[in-house]
Every structure is written in C-alpha cells, then in structure tokens.
Amino acid sequence: MADEIYARALAELPFVRHLRAEEQTLFRENMTYVKYPREELLTAGTEECRQALFLLRGSVRVYKTSEEGREVTLYRLDSGDTCLISVACLLGLRDLDASAQVQAGTEGIQLSDSVFRKLLSGNVYLQQYMMEHAFTRLSQMMRVVELVTFAPLRKRIAVFLRDAYKKQNSPRLKLTKEAIALEVGTAREVVSRILNEFEQEGLLRLGRGTVLLLDTDYFAGADAL
C-alpha cells in the first residue's frame, strides 16, 4: 500500500521527484494517506490544519462567507495542488477568514508540521513550488474580487459557465443553480433569473442538474461582455 501511494505521489506531486534522496526517504516514511468518504469542512485552527495536505485526487473548494451567510468561491484545488489554508496554519497564520470544503472521495497525503517545515527549509524546489502555488491562488482571488466588485452578474455567470465548459470538456455541464450561486456569490433566485434569460435568448438549455450550452462562442467571449 505504501509503495502504491508513494508512486501516486511521484506522479501527481511534481516536487516529490525533486527531493534529495534523504528527503524522499523522510517524505515516504512520514506521509499519511487520507481519503474523505464524505464532504468535510476545514477551517483555520482545526486539527486537520495541523497537517500539510497535498491532493492526489478530488477537489477542495476554498470560500469566504459574508456576515449575511452568503458564500463566494475564492478558488478550487485539484489533483497535484496543496491546501494553502493548512500550510498557512502550519506557518502560524491561524486567523484566516476562509474555509475549505473537501469533496467526498478526495484523496491526499498529509505531512506533519515538523516534517513539512524540515522539507520546506531545506529544498529550494519545494520553496519554489509553494511560492508558485501561492501566487496562482492570489491571481485567482484577485480575479474573483475583480468580477464581484466590477462585473455585472450576467457576466460573472457567463464567465463561470465558460470556465466550467473548459474544465468539463463538454457543453453539457453537470451543474445546479445552487452550485452556480455558491461559485459567483449570489442568491439562487438571481442565478435562476439570469439562466432563464440565457435560455430565452437561445444561448443554453436548462435541465435537471444540467446546463447545456447551445452557443459556446458566446460564452467563450464572456470576458468581453
């Protein structure tokens, strides 16, 4: 089992193969495989945040909740990513006003505080890997702030549908109105109204838990709306 998990780590986590021999031994002997059988919530300061989490499969949604209880997605993590909330906790930043929702079936590898710090302090490639991930997430969050602050909801929803089309690689998107509302930070009723507008204009067709994009060119140009 350990050999199989380590082989997956080598395949999914690019920094592992760049560790020196003694660092790879340290990683292999101290890694803990974790699988989430159901959706779980990770927040700064919890027990889960005392371990650095690296994803092998699945997804994590990092989001912020307003005082009114409305959520907006800041970014998502996929295979090969690391949960920066857990890393920030390990580095002493426990006052982060953000939460991470782990998708059911997500698999990953955890490293303890001491092991992660030792690897991070001694390996330049791992430092670069973490910095690149941090700047990527910062860029994604700045994009979210830009859309939420300046873009009309019609554009925000169109951009989200465009991104979902790219990710799912199909015009038939497996999406609910509730899921879209969580991603763009608005109410389900507002999403429903705008999707109905798109449908009346012949741009898409709504189904039970699906959105079929009929005019993919329109959504491809969503940034210019």
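Cut-offs applied
Numbering of residues starts from 1 in each chain and follows the order in which that chain's sequence is written. Since the coordinates come from a predicted model, pLDDT governs what is reported: local features require at least 70, and pairs of side-chain atoms require 80 or more to be given and counted, while whole-chain, interface and lining totals use all residues. Derived side-chain values reflect all non-hydrogen atoms in the structure, with water molecules and hydrogen atoms excluded from consideration. Secondary structure is summarised from DSSP: a helix means a run of H or I of at least four residues, a strand means a run of E of at least two, and numbering begins at the N terminus for each. Partly exposed describes any residue whose relative accessible area lies between the buried limit of under 20% and the exposed limit of over 50%, with all areas from a 1.4 Å probe on protein chains only and scaled to the type maximum. The charge count treats Lys and Arg as positive and Asp and Glu as negative. His and the chain ends do not count. The term salt bridge refers to a side-chain nitrogen of Lys or Arg lying within 4 Å of a carboxyl oxygen of Asp or Glu. Counted as a polar contact is a pair of N or O atoms within 3.5 Å, where, for protein atoms, one must be capable of donating a hydrogen and the other of accepting one, and residues adjacent in sequence contribute only when both atoms are in side chains. The contact criterion used is simple: two residues touch if any of their non-hydrogen atoms lie within 4.5 Å. The rule for pairing is simple: two strands pair if DSSP sees at least two bridges between them. Stacked, tilted and edge-to-face pairs are distinguished by plane angle, under 30 degrees for stacked and over 60 for edge-to-face with tilted covering the rest, among Phe, Tyr and Trp rings (Trp via its six-membered ring) whose centres lie within 6.5 Å. Placement of a charge over a ring requires the Lys NZ or Arg CZ to be within 6 Å of the ring centre, with the centre-to-atom vector within 35 degrees of the ring normal. The residues that make up patches have over 30% relative accessible area and no salt bridge, and they are joined within 9 Å when like-charged or within 5 Å when they are Val, Leu, Ile, Met, Phe, Trp or Tyr. Note on areas: Shrake-Rupley, 1.4 Å probe, and residue coverage restricted to the protein chains presented here. Among buried residues, the Ala, Val, Leu, Ile, Met, Phe, Trp, Tyr and Cys ones that are joined through side-chain atoms within 4.5 Å form a nonpolar core. Structural elements are reduced to axes, namely lines fitted to C-alpha atoms, with helices fitted over the stretch in contact, and the angle between N-to-C directions of any two is expressed from 0 to 180 degrees. Roughly parallel covers angles under 35 degrees, roughly antiparallel covers those over 145, roughly perpendicular covers 65 to 115, and oblique covers all other angles. In this scheme, a crossing is called left-handed if the near helix is turned counterclockwise away from the far one by less than a right angle; it is called right-handed if the turn is clockwise. Each residue gets one label: Ala, Val, Leu, Ile, Met, Phe, Trp, Tyr, Cys and Pro are nonpolar, Asp, Glu, Lys and Arg are charged, and the others, such as Gly, are polar. How far a helix is expected to stretch is found by multiplying one less than its residue total by 1.5 Å.

**Quick word on the side chain of Arg 156**
(1) Moving on: Inspection of the secondary structure puts Arg 156 in helix α6 (residues 153-168).
(2) Moving on: No salt bridge is formed by the buried Arg 156, whose closest oppositely charged neighbour, Glu 183, lies at an N-O distance of 11 Å.
(3) Moving on: Of note is the side chain of Arg 156, whose polar atom sits 2.4 Å from the backbone oxygen of Val 184.
(4) Moving on: Every residue in contact with Arg 156, bar those within four places of it in the chain, is listed here: Leu 147, Val 148, Ala 151, Val 184 and Gly 185.

**Here's the deal with the environment of Pro 37**
(1) Moving on: Position of Pro 37 among the secondary structure elements: in the loop between β1 (32-35) and β2 (40-43).
(2) Moving on: Classification of Pro 37 as exposed rests on a relative accessible area of 62%.
(3) Moving on: Each C-alpha atom of the pair Pro 37 and Ala 151 lies 37 Å from the other, and the pair is 114 residues apart in sequence.
(4) Moving on: In this view, Pro 37 contacts Ala 104 and Gly 105; residues no more than four positions away in its chain are not counted.

**Regarding the pairing of strand β3 (residues 51-57)**
(1) Moving on: With respect to burial, β3 is a largely interior element, 5 of its 7 residues being buried.
(2) Moving on: Alignment of β3 against strand β7 (residues 107-112), held across 6 bridges, turns out to be antiparallel. Among the inter-strand pairings, Gln 51 is bridged to a residue of β7, identified as Ser 112.

**Re the packing of aromatic side chains**
One pair of aromatic rings is described through two measures. These are the centre distance and the angle between the planes.
(1) Moving on: Scanning the entire structure with this criterion turns up 8 aromatic pairs.
(2) Moving on: The interplanar angle of 50° and the centroid separation of 4.9 Å between the aromatic rings of Phe 15 and Tyr 129 together place this pair among those described as tilted. Taken together, the positions of Phe 15 in the loop between α1 (2-12) and α2 (21-30) and Tyr 129 in helix α5 (residues 124-150) put the pair 114 residues apart, joining distant regions of the chain.
(3) Moving on: Ring centres of Phe 198 and Tyr 218 lie 6.1 Å apart, and the angle between their planes is 65°; on these two criteria the pair is classed as edge-to-face. Of this pair, Phe 198 sits in helix α8 (residues 188-200) while Tyr 218 sits in helix α9 (residues 216-220), placing them 20 residues apart in sequence.
(4) Moving on: Here Phe 198 falls in the buried class, since its relative accessible area comes to 0%.
(5) Moving on: Put simply, the rings of Tyr 6, Phe 15, Phe 27, Phe 54, Phe 116 and Tyr 129 touch in pairs and so form one group of aromatic residues.
(6) Moving on: Positioned above the aromatic ring of Tyr 63 is the side chain of Arg 61, whose terminal nitrogen or guanidinium carbon lies 4.2 Å from the ring centre.

**Observations concerning a nonpolar patch on the surface**
(1) Moving on: Together, Met 131, Phe 135, Leu 138 and Met 142 make up a nonpolar patch on the protein surface, roughly 430 Å² of accessible area in all.
(2) Moving on: The residue Leu 138 is located in helix α5 in this model.

**Some thoughts on the nonpolar core**
(1) Moving on: Judged by nonpolar contacts, the single largest core of 39 residues is most densely connected at Leu 13, Phe 15 and Phe 27.
(2) Moving on: The dominant element in this core, judged by the number of residues it contributes, is β3, at 5 residues.
(3) Moving on: With sequence-adjacent residues up to four places away left out, Phe 15 is seen in contact with Phe 27, Phe 54, Tyr 125, Leu 126 and Tyr 129.

**Quick notes on the packing of α1 against α2**
Packed helix pairs are specified by the crossing angle of their axes together with the interaxial distance, meaning the distance between the axes.
(1) Moving on: With their axes 10 Å apart at the nearest point, α1 and α2 run at an angle of 125° to one another. In terms of their interaxial angle, α1 and α2 are classed as oblique. Where α1 crosses over α2, the handedness of that crossing is right-handed. Counting all contacts with α1, which are made through Asp 3, Tyr 6, Ala 9 and Leu 10, the residues of α2 involved are Gln 24, Phe 27 and Arg 28.
(2) Moving on: Its residues assigned to classes, the contact of α1 with α2 shows 4 nonpolar, 1 polar and 2 charged.

**Focus on the sheet that holds strand β8 (residues 172-174)**
(1) Moving on: Across the sheet, which stays open at both edges, the 3 strands sit in the order β8-β10-β9 with antiparallel pairing between neighbours. Single-partner strands in this sheet number two, and they are β8 and β9 (204-207). Recorded for the sheet is a direction-independent mean angle of 20° between the axes of neighbouring strands.
(2) Moving on: Sheet analysis places β8 next to strand β10 (residues 210-213), joined by 3 bridges and oriented antiparallel. Of the residues in β10, the one forming a bridge with Leu 173 is Val 211.

**Notes on α8**
(1) Moving on: For α8, spanning 13 residues, the distance from its first C-alpha to its last is 18 Å, which sits close to the expected 18 Å at 1.5 Å a residue.
(2) Moving on: Among the residues of α8, Val 191, Ser 192, Ile 194, Leu 195 and Phe 198 are the ones counted as buried.
(3) Moving on: In this fold, the buried residues of α8 make contact with α6, α7 (177-184), β9 and α9.
(4) Moving on: Immediately beyond the C-terminal end of α8, within one or two residues, lies Gly 202, with a positive phi of roughly 80°.

Limitation: the analysis is restricted to geometry and does not speak to function.
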